[in-house]
Structure formats: C-alpha cells, structure tokens
2 protein chains.
Amino acid sequence: MDILSKVEPRDLKLNANEWVYNSLCQLILSGEFVPGISFTFRGIANSFGVSTMPVREAANRLISEGALDMSEKRRITVSQMTQSKFDELKVARLNLEPHLAGLALNHINSKRLNLLINIDKNLDYAISTGNVVDYIKYNYQFHFGIYEAGLSPVLLPLVRTLWLRFSPFYRIVAGRAGTQTMKDFHKSAIDAIKDKDSVALINAIHSDILEGMEMLNESLNE
Amino acid sequence: MDILSKVEPRDLKLNANEWVYNSLCQLILSGEFVPGISFTFRGIANSFGVSTMPVREAANRLISEGALDMSEKRRITVSQMTQSKFDELKVARLNLEPHLAGLALNHINSKRLNLLINIDKNLDYAISTGNVVDYIKYNYQFHFGIYEAGLSPVLLPLVRTLWLRFSPFYRIVAGRAGTQTMKDFHKSAIDAIKDKDSVALINAIHSDILEGMEMLNESLNE
DNA sequence: CTATCATATTTGTGATCACAAATTAATAAT
DNA sequence: ATTATTAATTTGTGATCACAAATATGATAG
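About the thresholds
- Residues numbered from 1 in each chain as written.
- Chains lettered and ligands numbered in written order.
- Predicted model: local features only at pLDDT ≥ 70, side-chain atom pairs only at ≥ 80, totals over all residues.
- Heavy atoms only, no water.
- Helix = DSSP H or I, 4+ residues; strand = E, 2+ residues; numbered from the N terminus.
- Rg over C-alpha atoms; globule rule 2.2 N^0.38 Å.
- Buried < 20%, exposed > 50% of the residue type's maximum accessible area, 1.4 Å probe, protein only.
- Contact = heavy atoms within 4.5 Å.
- Areas by Shrake-Rupley, 256 points an atom, 1.4 Å probe, with all protein chains shown as cover.
- Lys, Arg positive; Asp, Glu negative; His and termini not counted.
- Charge placed at Lys NZ, Arg CZ, Asp CG, Glu CD.
- Pairing = 2+ DSSP bridges.
- Buried area = accessible area lost by both parts, 1.4 Å probe.
- Salt bridge = Lys/Arg side-chain N within 4 Å of Asp/Glu carboxyl O.
- Polar contact = N/O pair within 3.5 Å; in protein donor to acceptor, adjacent residues only side chain to side chain.
- Nonpolar A, V, L, I, M, F, W, Y, C, P; charged D, E, K, R; others polar.
- Near = heavy atom within 4 Å.
- Least-squares fit on C-alpha atoms with pLDDT ≥ 70 in both.

A. The overall build of chain A, seen in detail. Within chain A one finds nine helices and three strands. Listed by position from the N terminus, the elements making up chain A come as α-β-α-α-β-β-α-α-α-α-α-α. For 222 residues, the compact-globule estimate of 2.2 N^0.38 gives 17 Å, and the C-alpha radius of gyration of chain A, at 18 Å, lies within 12% of that figure. Counting only C-alpha atoms, chain A reaches 50 × 45 × 30 Å along its principal axes. For chain A, the proportion of its 222 residues judged to be buried stands at 51%. In chain A, the proportion of contacts linking residues at least 24 apart, taken out of those at least 6 apart, comes to 73%. Carbon and sulfur atoms make up 50% of the accessible area of chain A, which amounts to about 10200 Å² in all. Distance between charge centres in chain A, computed from 24 positive and 25 negative side chains, equals 7 Å.

B. Fine view of the sheet that holds strand β3 (residues 76-78) of chain B. Residue and element names in this part refer to chain B. Spatial strand order, β1-β3-β2: three strands in an open sheet with antiparallel pairing. In this open sheet, the two strands that pair with only one neighbour each are β1 (38-39) and β2 (68-69). The sheet contact formed by β2 and β3 spans two bridges and is antiparallel. Looking at the pairing, L68 lines up with V78 of β3.

C. Looking closely at the interface of chain B and chain A. Contacts between the two partners involve 23 residues from chain B, matched on the other side by 24 residues from chain A. Surface buried jointly by chain B and chain A totals about 2000 Å² across both partners, of which 63% is contributed by carbon and sulfur atoms. Across the salt bridge formed by R56(A) and E57(B), the nearest N and O atoms sit 3.2 Å from each other. Our enumeration of links across chain B and chain A arrives at seven residue pairs in polar contact (both at pLDDT 80 or more). Sorting the residues of the side of chain B that touches chain A by element identifies α3 (52-64), α4 (83-104) and α7 (155-174) of chain B as the ones contributing at least two each. Ranked by the residues each element gives to the side of chain B that touches chain A, the list is headed by α4(B), at nine residues. Its residues placed into classes, the side of chain B that touches chain A shows ten nonpolar, seven polar and six charged.

D. Focus on the pattern of salt bridges. All names here are of chain A. Here the structure, examined in full by the defined rule, presents 16 salt bridges over all chains. The partner of D120 in a salt bridge is K187, with the nearest N and O atoms 2.5 Å apart. With a gap of 67 residues between them, D120 in helix α5 (residues 110-128) and K187 in helix α8 (residues 186-194) connect regions that are remote in the sequence. With a relative accessible area of 42%, K187 lands in the partly exposed category. Here D124 ties to K187 by a salt bridge, and the two come within 3.0 Å at their closest N and O atoms. With D124 in helix α5 and K187 in helix α8, this residue pair connects regions lying 63 residues apart in the sequence. Overlapping salt bridges, with partners in common, bring together R61, E65 and R160 in one network.

E. Spotlight on the protein's contact with DNA strand C. In the vicinity of DNA strand C there are 16 residues, among which A16(A), N17(A), S51(A), R42(B) and R74(B) approach most closely. Each atom of DNA strand C within 4 Å of the protein was assigned to sugar, phosphate or base; sugar and phosphate come to 55%. Of all the secondary-structure elements, those providing two or more residues to the surface near DNA strand C are α1 (16-29) and α3 (52-64) of chain A together with α2 (41-48) of chain B. Per element, the largest residue contribution to the surface near DNA strand C is three residues, and it comes from α3(A). When the residues that make up the surface near DNA strand C are grouped by side-chain class, the tally is six nonpolar, five polar and five charged.

F. A look at the side chain of S167(B). Residues and elements named next belong to chain B. Inspection of the secondary structure assignment puts S167 in helix α7. According to the relative accessible area criterion, S167 is buried, its value standing at 1%. When neighbours within four sequence positions are excluded, S167 is seen to be in contact with I28, L29 and I136.

G. Spotlight on the relation of the copies chain B and chain A. With an axial shift of 0.0 Å and an RMSD of 0.0 Å, the rotation relating chain B to chain A amounts to 180°. Both chain copies can therefore be described as sitting about a two-fold axis. Interface overlap between copies: 100% of the residues of chain B at the interface are likewise at the interface in chain A, consistent with a symmetric, same-surface contact.

H. Up close: the protein's contact with DNA strand D. Taken together, the neighbourhood of DNA strand D is formed by 16 residues, with R42(A), R74(A), A16(B), N17(B) and S51(B) sitting nearest. For DNA strand D, the backbone portion of the atoms within 4 Å of the protein, that is sugar and phosphate, comes to 54%. Within the side chain of R56(A), an N or O atom sits 3.0 Å from a base nitrogen of DNA strand D. The separation between a phosphate oxygen of DNA strand D and a polar side-chain atom of S51(B) is 2.3 Å. Contributions of two or more residues to the surface near DNA strand D are made by α2 (41-48) of chain A together with α1 (16-29) and α3 of chain B. For the surface near DNA strand D, the leading source of residues is α3(B), giving three residues. Looking at side-chain class alone, the surface near DNA strand D contains six nonpolar, five polar and five charged residues.

In structure tokens, the structure reads:
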C-alpha cells in the first residue's frame, strides 16, 4: 500500500515515532483506512522508510487507544465495529462533545469562525459530489475546529480517541446511501457561534452527532 | 525506589510490557505514586529486572493516556493536577460513570454483590483508621467492581484512563483533612443494586463522584 | 566561598539482532 | 485433486548498541 503519498512529509523537528503516529491518525481520521485491513510492523516501517522501533511505539499507542487491534495474533488490523461498541461511542460522544463545544465557544475568534465557514463550504461540496472521503475529512475538521479552540487538556484528547474508533467505519456508508441523504447541523452551529449562544451551540452539536450516528447505525444493521 | 515488593509477581503468560504496564497502573491507581515524582526508563527497567524495551512500551502508553508526563525533557513524571484538568475530569466522570454503572447493573449477580459489600466494609475500615492508601484502593475496587460487570468495551477503558489521571492526586488529601470527613454513597449504591433500581444506582454514583471530587477540589485550592 | 566553564555521565531515540511462535509454502501420501 | 505433514519464511517481543542531546559533576578562576 502506498502510504507516503497520502501523508505529510516528515518534519525533522518531530521524532520519527510522532511522525508515524500523526500520519496513521491522519489516515484513520480521513477515512483512508477501512475496517479490517491489516498491517505488520515491518510493513509499515518499510512504507515510512524507518525502522520498526518508531512504528511499534506509534502502533501500540493506537492499539491502546482502541483504534487498531492486535487481534488474531501477529497482525495489526483496523478495529471492526460492533453494535455494542457503537452504542457506547454514541453515548460517549453525546455526553462529551456538546460540552466540549460549549467550553470552546468563548475562544472562537472571527478568524477561526471564518475558517469554520470555509470548511463547511468544502463539506457541502463533498456532499453534493458524493465524495465520502472528503466528507469525512471536512466533518472532522469542522468539529475539531470548534473543539480545539478551547484547548481542553483532558476532554479534547479523549474525544479524539472516540473519533479514531468510528471514523474508519464511515467508509461503510459509501457503499450504501451515499452522501445524498446526509444532513448536518453545521449551519445552526455557525449561527450559534456568531451569536455567542452557548445553549444553541450545544444543541446544534448534539443534534449533529445524533444525526450522523443514526446514519452510521443504519449501515451497521445491514 | 523498591517497586517489586509492591507489585504482583510476573505471570509468565503475559508479555513483559504488559506486566510492567499493569504494575505501573496498579501503583498509580492504588495511590503509591504521588504527583511529581519522576523516573527514567532505565531506572524502571532495573526495578523490574527487564530491559528498557518493555518499559518504553508501558510508559509510553501511560503517557498517551495522560497518566504520566514526559515533560521537562528526558524525565518521566507523574502528571501534576491543574484546576483546568480537574474540572474536565469531573465533567467527564459525571457524564460517563453513572451511565456506565447503569449499563452494568443487570450483569451484577449475587456473588459480585457480596464482593462489593465486602469491599465497602474494607473501605469503611480504611476511613475509620485514616488509611488513605487503602481508601484509594478500595474505592477503586468498589467502583470498578460495578463498572466491570458490564464489560463495556469502550466506556470502561475510557473511564479507567480518567482514574489513572486523578488517583495520584488523592494522596494530597492525606496531608489535609485526612479520611474523617469522607462521605460515600456506596450504601445507597448497594441498596440500588439489591433493588435492581437503575435510576437509584445512577443517582448514587453521581452523588458519590460529586462528593469525592469536591473533597479533592478543596485540596487543589490551597 | 561563589561563579563559570569544561568534562563526564546519563538520558531518550532509533537501529539492529536473536529468538520463539505463528503463518505460509512446499512436499508427500492417499 | 485433496489432505496431512514438514520445511521455510515472517511475525512480534525483548535485548543490546550507537548516538546526540541534556544533565550532573568537577575543576578552575575570581
């Protein structure tokens, strides 16, 4: 698998293991990895042109975060989704992300607001053209564009691990309804940010998660 | 520091890195580690009688979970608590743990119930004798004795990382009010389990977290 | 005794090697 | 052609080594 072409080049200020970790995260969060595909340490190491050491550190971290599995011994796979996992991810998201957005609201300046508006435009375009990978990418960017404003040292990394777990599963949707039926509550979120209306933002994020997870749930049950 | 004496002997069925990881978790969750103390990979490796390899994997995992820090370069420390971290931990706990308890309720059989009653007895004794380390240990055992019944694949590991982050901070309480002022809602939780009353259990856990975190918060502000 | 600088030691990182266990390929037998 | 058995390869794990960067130590000068 050609990985290097889909990954940011290495910033030499970063350690090799951080580069590999960030790259794998990016590949997972942008929907490049589909549940079930498997790797080996040596395989990833060759793809990145590093030794197995930094790969072990990066992959083990992702395994401990639940994004990857070391199942069926001696193989690293992208975790499969189960109904039980999905239900818990949904609960966790609904209980954490709206609150996280509320914490971030006061730290969203006009520059960041414009960024969000721009991301949402790209998102709409991805939906209209049926580009699922772009949809996944921009949806992530929109949510974390809000969340990251708050610099929450605990909740932000926590929520990121939730996204690492369900993002690969998004790809399953591609083979089904496509992007036509996708609705989002990003417009209400943007309005709420403009109004500095915390309650409205929390509601918008809550509804957005509910809608998005419902769509995923339908793909799970078939 | 003499670590091996406070740690379970190695089960040879487990990998070295898992043994080290589990041991470090146990030391953190039982309050043996106090915020700020620092280690090196080689130091831990010598304590455990293994090479640095498994220590790197275990410690890096704990770092990514937020329990340890690799701050002030070249030294591994037990993370310091800040008000901001604390507030987020409190929110996360309140939003996840009561629900987790609710999910577990139906899986608590009479054997586990008796276990919980027994743990709570030990907890009461620890409080009456002012033994903070035992208090921390049994409080953990009580909560996770409930949570683990549900086998929740996402929420359970998530909540465990929250406990890894605030447990060392419990020790600060030792130098302050002691255990005399400690209240807990474990009796109400046990009653709720006996009655199979989900709402009552959720309320009991919620109150217990609120009470416990409030006590910790007082120690933070002085 | 204090401050400054050079030296020695210790640190995390990454590469490499050895090894047993697991997987895959190849061979033999029916 | 299919299955059973054996050989070859590949895998993750853990130990060891090299190295640059950071820390600790000691000598020297004021």
